[in-house]
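Per-entry structural report
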Amino acid sequence: MKNSMWGGRFAAGPDQLMEEINASIEFDKRLYAQDIAGSIAHCEMLAATGIIPEEDSKTIIDGLNTIRVQIESDKFTFSRKLEDIHMNIEAALADLVGPVAGKLHTARSRNDQVATDFRLYIRDQVDVLDEQIGALMLALANKAHEHAALVMPGFTHLQSAQPVTFGHHCLAYVEMFARDRDRLKDTRKRLNVSPLGAAALAGTSFPIDREMTARALGFDAPMRNSLDAVSDRDFVLETLANASITAVHLSRLAEEIVIWSTSAFGFARLSDAFTTGSSIMPQKRNPDAAELVRAKSGRIIGALQSLLVVMKGLPLAYSKDMQEDKEPAFDALPSLSIALATMTGMIGDIEPQPRAMRKAAGAGYSTATDLADWLVQVLAMPFREAHHVTGAIVSRA
């Protein structure tokens, strides 16, 4: 049986294997809200420009809202034979309102439709991540303020270097996450343009109003080039790149929590809320939450690499390869979200251990640099000579 959505070009349906590799509904169904929002904006524009009658527009929009309620109440049946979320919704709309549903796709292609849906989804995710990074920064700042005077060793090469404070250490991560947040805001500004109206790749002969649909969906403007509009995935790559950098910062902090929690260091303690035990060793308290945050970075970085490889050889404009753009993002961004939430919880939970920190801060001749500086400041000794003298003192000690 041929696919009714494709029109009359095909006389028969696809092979089962073709259907298997072609279908994306199992993962892109999460775009239902964005797809319906985009369709409503497009439909309202079609009516406002006189391309379809107002009465038909109202019928279509009522149908779309009904489908949204069905999906959100778990009463909608998704079909693999209909490939993706767009065709599933369009087929359901036809069942609800009849042939008038076919007018919705006037002056639109699945190419600009999916590009619009995905931009809306990524924008939503960026907004969530921005809020979560802000919450983590606040948790770190509060912990820094609480322990502003707590002395601990500062490390280079994981060797005791110079004394610092725990508050100062926490604020280093506040700075890192502030840059992560700035990058996300920059990305959001760049991605917030509308592909709708680009159609398949060359625009449309219908007198559409792209400014209207852009405004309705909260975009700043329509995209300027129709080829770029349907084939660009920079906005996903940039978001995944930002997510990867944030994940690296989370992983570094998680690694420190793991180290601090060991009996060898004993710098910090996590409560039962963020640790687990062992099935065989009753004494164990494992910082599994930190270890899992550390591990999530691999998945997130992998998602970026995956999409970079997909996109690197594609000529303009759209190619089916781009169907592979969604699963990496659908995996990576929720992974980053749970990692941020978990780290925020751990930072609120963690209790630094002052005695162990102070003891370690005074070990390993960590004030040797201060002695060298004193020799320069008080005895007017050249720093290189002061460094040599101090090194000899450390060696003798």
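The following paragraphs examine the structure supplied in this document.

Reading guide: rules and limits
- Residues numbered from 1 in each chain as written.
- Predicted model: local features only at pLDDT ≥ 70, side-chain atom pairs only at ≥ 80, totals over all residues.
- Heavy atoms only, no water.
- Patch = residues over 30% accessible without salt bridge, like charges linked within 9 Å, V, L, I, M, F, W, Y side chains within 5 Å.
- Areas by Shrake-Rupley, 256 points an atom, 1.4 Å probe, with all protein chains shown as cover.
- Salt bridge = Lys/Arg side-chain N within 4 Å of Asp/Glu carboxyl O.
- Helix = DSSP H or I, 4+ residues; strand = E, 2+ residues; numbered from the N terminus.
- Expected span 1.5 Å × (residues − 1).
- Buried < 20%, exposed > 50% of the residue type's maximum accessible area, 1.4 Å probe, protein only.
- 1 Å grid on protein atoms, 1.4 Å probe; cavity = no way out; pocket = protein on both sides within 12 Å on 5 of 7 lines; lining within 4 Å.
- Points joined across faces, edges and corners; volume = space filled by probe spheres on them.
- Nonpolar A, V, L, I, M, F, W, Y, C, P; charged D, E, K, R; others polar.
- Axes fitted to C-alpha atoms, helices over the stretch in contact; angles between N-to-C directions.
- Parallel < 35°, antiparallel > 145°, perpendicular 65-115°, else oblique.
- Left-handed = near helix turned anticlockwise from the far one by under 90°.
- Contact = heavy atoms within 4.5 Å.
- Phe/Tyr/Trp six-rings, centres within 6.5 Å; stacked < 30°, edge-to-face > 60°.
- Lys NZ or Arg CZ within 6 Å of the ring centre and 35° of its normal.

With that settled, the discussion passes to a nonpolar patch on the surface. A cluster of nonpolar side chains, namely Leu371, Trp374, Val378, Leu379 and Ile393, defines an oily patch on the protein surface of about 450 Å² accessible area. Residue contributions to the nonpolar patch peak at 4 residues, all from helix α14 (residues 368-379). In this fold, leucine 379 is placed in helix α14.

Glancing now at helix α10 (residues 234-261). Its 28 residues place the ends of α10 40 Å apart at the C-alpha level, agreeing with the 40 Å of an ideal helix rising 1.5 Å per residue. Taking burial as the measure, the 28 residues of α10 include 20 buried ones, the bulk of the element.

As a further point, take empty space enclosed by the protein. Rolled over the atoms, a probe sized like a water molecule indicates the empty space that remains. All told, the structure shown has 3 cavities of 30 Å³ or more when counted by the stated rule. Space inside the largest cavity adds up to approximately 60 Å³. Along its surface, the largest cavity is lined by Leu140, Lys143, Phe166, His169, Cys170, Tyr173, Leu253, Ile257, Trp260, Ile347 and Ile350. Mapped by element, the contributors of at least two residues to the lining of the largest cavity are α6 (110-146), α7 (166-191) and α10. For the lining of the largest cavity, the leading source of residues is α7, giving 4 residues. Residues that form the lining of the largest cavity fall into these classes: 9 nonpolar, 1 polar and 1 charged. As a volume, the second largest cavity reaches approximately 40 Å³. Lining of the second largest cavity is provided by Asp35, Ser39, His86, Ile89, Glu90, Leu104, Arg108 and Gln113. In terms of residue count, helix α5 (residues 85-97) provides more of the lining of the second largest cavity than any other element does, 3 residues in total. A class-by-class count of the residues in the lining of the second largest cavity yields 2 nonpolar, 3 polar and 3 charged.

It is worth spelling out the packing of helix α11 (residues 288-311) against helix α12 (residues 326-349) at this point. Two elements in contact, α11 and α12, have axes whose closest approach is 9 Å; the angle formed by their N-to-C orientations is 155°. In terms of orientation, α11 and α12 fall into the roughly antiparallel class. With respect to the hand of their crossing, α11 and α12 are arranged in left-handed fashion. From α11, Ala289, Ala290, Val293, Lys296, Arg299, Ile300, Ala303 and Ser306 reach across to α12, where they touch Pro328, Asp331, Ala332, Ser335, Leu336, Ile338, Ala339, Thr342, Met343 and Met346.

Here we come to the packing of aromatic side chains. Under the defined criterion, the tally for this structure stands at 10 aromatic pairs. Taking 6.5 Å as the distance between ring centres and 20° as the angle between the ring planes, the aromatic pair formed by phenylalanine 155 and phenylalanine 267 counts as stacked. Of the two residues, phenylalanine 155 sits in strand β1 (residues 151-156) while phenylalanine 267 sits in the loop between α10 and β5 (268-269), which places them 112 residues apart along the sequence. With a relative accessible area of 28%, phenylalanine 155 lands in the partly exposed category. Among the aromatic residues, those joined into a ring-pair cluster are Phe118, Tyr121, Phe235 and Phe330. One cation-aromatic arrangement involves arginine 123 over phenylalanine 219; the distance from NZ or CZ to the ring centre is 5.2 Å.

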